[in-house]
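Close look at the chain arrangement
Listed below are the residues making up each chain.
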Amino acid sequence: MSAVVTRFAPSPSGALHLGNARTALFSWLLARRDGGRFVLRIEDTDAERSQAEHIVALQDDLRWLGLHWNEGPDIGGPNGPYLQSQRSASYDAAFADLEQRGLAYPCWCTPLELDVARRSQLAAGRPPRYAGTCRDLDAAQRAARAARASAPPTLRFRVPAGRSIGFDDLVHGPQQFATDDIGDFVIRRGDGTAAFFFCNALDDAAMGITHVLRGEDHLTNTPRQLLLLEALGQPAPRYGHVALLMGSDGAPLSKRAGARSLGDLRRAGYLPEAVVNHLFRLGHSSPLQGLQLPDALARGFTLEHLGCAPARFDDAQLASWQKDAAHALSEEAALVWLLPAMPPGLDPAQRAALITAVRANVVLPEDATRWARIVREQPAPLDAAGRALLEAAGDAFFDAAAAAAASQGAQPADWPALTAAVRAATGAKGPALFKPLRIALTGLDHGPELAPLLPLFPPGAVQQRLLNARHPD
């Protein structure tokens, strides 16, 4: 059995969105599981929309996810080049071969003519397909069309009539398409560039791709690609069309609809382990439980567990995986992750101590920034319940607390001694002791343990906040 070779072939026309990231993940997992190869190919034939910075960004995003490739534009490989814009010679040779054998022909139909034909077919209750206007022109007719044309012709593939094209989709099972419903399709645009599914199919064959996982919106491209590969005598990969990824509104995820890209999640501080674990379970059922590393996910990945129903991206589920991933970080990794979130003015030891103190309450770096500001600058604004609890504790309680803090100096560091002194002076215990102190110092009735936080308050801040609690604003 030959090795599994998968690929991810994005178009560098924008940020890598989560639907494409999931497709890349599934393709990587399949290759990784079977000890195969994962190829990165950039489909940049659309010169107007493709940008070099997007190529760099999508490679950075894939590396951040942990999806490293065996062949690609940056590392090369035996089947390069891996930028489609550099493979035009092979496309031109295939065009010439098909045209010479009468399997492709030039088409001068204008967009207006095609639109009129389409509307006529729809009005007659027929599926729209190319009417074959230029299919059987003789040499003189072609010359006449060329003479009066205002633009170069496209090149259309001559679809054989009366055939059925079948294949076993890795996700959806057996598929059948009638060639009479397809119509001759464009394989070379008027500007001379190859159509997407033409170069896509040729490159898969040239690079030895054995399995293609892609979005189910490409399902109808497959019979066209199978016809092309058959005509060119090239092997076809096995295709699997993955259900689309939907947003909370039930519509396909898109940047236009406000969906976040992978880069957006990176900049917000999401961890790659969280994103990978969430994407793995979107449209893929698995008995794996809990946060898993990519290699474990590869061992648990099966094509049989890919579902046909659309999967829904859930921000709440992602947040849950993010919490698990954040809490699974080593101390060193947590410092690297959260150091950029720390405010200026702290020495390295203070930054490390603050991160260690708050990390159990951090899901995203912005949470660490918030707690750093609460500790170093001012408490969070009081809500009505917090204000009522301070008022119920009373002035005597906070006088005793401030006195206990002052007895330890400008920067108290002994939380057990402080609470013991307040208990002895006021008789308060349990929630009646700890909640007023927490709210006075942080403005909140929940949060990190106060014992490690106490030494991190600015000098004089603990005593001042306890005194301020006597008259909450």
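Definitions and cut-offs
Residues numbered from 1 in each chain as written. Predicted model: local features only at pLDDT ≥ 70, side-chain atom pairs only at ≥ 80, totals over all residues. Heavy atoms only, no water. Helix = DSSP H or I, 4+ residues; strand = E, 2+ residues; numbered from the N terminus. Buried < 20%, exposed > 50% of the residue type's maximum accessible area, 1.4 Å probe, protein only. Polar contact = N/O pair within 3.5 Å; in protein donor to acceptor, adjacent residues only side chain to side chain. Contact = heavy atoms within 4.5 Å. Phe/Tyr/Trp six-rings, centres within 6.5 Å; stacked < 30°, edge-to-face > 60°. Axes fitted to C-alpha atoms, helices over the stretch in contact; angles between N-to-C directions. Parallel < 35°, antiparallel > 145°, perpendicular 65-115°, else oblique. Left-handed = near helix turned anticlockwise from the far one by under 90°. Nonpolar A, V, L, I, M, F, W, Y, C, P; charged D, E, K, R; others polar. Pairing = 2+ DSSP bridges. Right-handed = clockwise from strand over helix to strand, strands pointing away. Core = buried A, V, L, I, M, F, W, Y, C linked by side-chain atoms within 4.5 Å.

**Some thoughts on the side chain of glutamine 175**
Inspection of the secondary structure assignment puts glutamine 175 in strand E6 (residues 173-178). For glutamine 175, a relative accessible area of 16% translates into the label buried. One polar contact links the side chain of glutamine 175 to the main-chain carbonyl oxygen of histidine 172, over a distance of 3.5 Å. For glutamine 175, the residues in contact, after removing those within four places along its chain, are Ile165, Gly166, Phe167, Asp169 and Leu219.

**Brief notes about unusual backbone geometry**
A cis amide bond, omega 0°, links glycine 80 with the succeeding residue proline 81. You can see proline 81 is positioned in the loop between helix H2 (52-65) and helix H3 (88-100).

**A look at helix H7 (residues 221-231)**
Of all eleven residues in H7, ten are buried, a share of seventy percent or more. When we look at burial in H7, the residues that qualify are Asn221, Thr222, Pro223, Arg224, Gln225, Leu226, Leu227, Leu228, Leu229 and Ala231. One or two steps after H7, the chain reaches glycine 233, where phi turns positive at roughly 70°.

**Quick notes on the packing of aromatic side chains**
For the structure on display, the rule yields six aromatic pairs. With centroids separated by 5.0 Å and ring planes inclined at 80°, the aromatic side chains of phenylalanine 397 and phenylalanine 398 adopt a geometry described as edge-to-face. Phenylalanine 398 matches phenylalanine 397 in its accessibility class, with the two residues each being buried. Cluster of aromatic residues (ring-pair linked, three or more members): Phe157, Phe185 and Phe197.

**Brief notes about the packing of helix H15 (residues 384-393) against helix H18 (residues 431-442)**
In contact at an axis separation of 9 Å, H15 and H18 are set at 120° when each is read in the N-to-C sense. Of the possible angle classes, the one that applies to H15 and H18 is oblique. In this structure, H15 meets H18 at a crossing whose hand is left-handed. Counting all contacts with H15, which are made through Gly386, Leu389, Leu390 and Ala393, the residues of H18 involved are Lys435, Pro436, Ile439 and Ala440. A breakdown of the residues in the contact of H15 with H18 according to their chemical character gives six nonpolar, one polar and one charged.

**As for the pairing of strand E8 (residues 211-215)**
Burial analysis of E8 places five of its five residues in the buried class, the great majority of the element. Across five bridges, E8 lies against strand E9 (residues 238-242) in parallel orientation. Pairing of leucine 213 across the sheet is with glycine 240, part of E9. Once the chain exits E8 it traverses H7 before rejoining the sheet at E9, and the crossover so formed is right-handed.

**Some details on the packing of helix H17 (residues 415-426) against H18**
Where H17 contacts H18, the two axes come as close as 11 Å, and the packing angle between them is 120°. The angle between the axes of H17 and H18 places the two elements in the oblique class. Helix-helix and strand crossings are classified by hand; for H17 and H18 the assignment is right-handed. Contact with H17, carried on its side by Trp415, Leu418, Thr419, Val422 and Arg423, involves Leu433, Phe434, Leu437 and Leu441 of H18 and no other residues of that element.

**Side note on the nonpolar core**
Membership of the largest hydrophobic core comes to 49 residues, with the highest contact counts inside it found for Leu354, Leu418, Leu437, Leu441, Leu453 and Leu466. Tallying contributions element by element places helix H16 (residues 395-406) first for this core, with six residues. Beyond its immediate chain neighbours, meaning those up to four positions away, leucine 418 contacts Ala404, Ala405, Gln408, Leu437 and Leu454. Phe8, Leu30, Phe38 and Val276 belong to the second-largest nonpolar core, a separate cluster that totals 46 residues.

**Overview of the environment of glutamine 225**
Mapped onto the elements, glutamine 225 comes out in helix H7. Placed 243 residues apart in sequence, glutamine 225 and asparagine 468 show a C-alpha to C-alpha distance of 74 Å. For glutamine 225, the side chain forms a polar contact with the main-chain oxygen of phenylalanine 197, separated by 3.0 Å.

Remember that the coordinates give geometry; whether it matters functionally is a separate question.
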